[in-house]
Amino acid sequence: MTVPDEEGVCPLSECHLGLLQAMWSLETEDTDRLAAALFLTPNTVRTYCQRILALLGVHTRGEAMMHAVKAGWIEIASDPSVPPPP
């Protein structure tokens, strides 16, 4: 398992970060909704989520999102109705 080092390097891939960004932007953890928004299968979303949890050493999708936000790995739009830039 990979964990962030002392310098706070992000252990997540671009795909993982994109999924966390979508969770934050869409304000959902629903697998089917995320899959539809990202043009992925629900199984792919579940697999990515399991890998994210393992890499970050957290137990829930919410914890993973908050970890990514606090670490500055995902963008937070000032207006929740405005999606962040790609």
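Residues numbered from 1 in each chain as written. Predicted model: local features only at pLDDT ≥ 70, side-chain atom pairs only at ≥ 80, totals over all residues. Heavy atoms only, no water.

Quick word on unusual backbone geometry
Unusually for a residue other than glycine, Glu27 sits at a positive phi of about 55 degrees. Judged by its relative accessible area of 61%, Glu27 falls in the exposed class. Even without a glycine there, the phi angle at Phe39 is positive, about 60 degrees. With respect to the helices and strands, the residue Phe39 is situated in the loop between α2 (31–38) and α3 (42–56). (Buried < 20%, exposed > 50% of the residue type's maximum accessible area, 1.4 Å probe, protein only. Helix = DSSP H or I, 4+ residues; strand = E, 2+ residues; numbered from the N terminus.)

Considering the environment of Gly72
Relative to the helices and strands, Gly72 resides in the segment after α4 (61–71). On the accessibility criterion, Gly72 (56% relative accessible area) is exposed. Counting along the chain gives 62 residues from Gly72 to Cys10, while the straight-line C-alpha distance between them is 9.5 Å.

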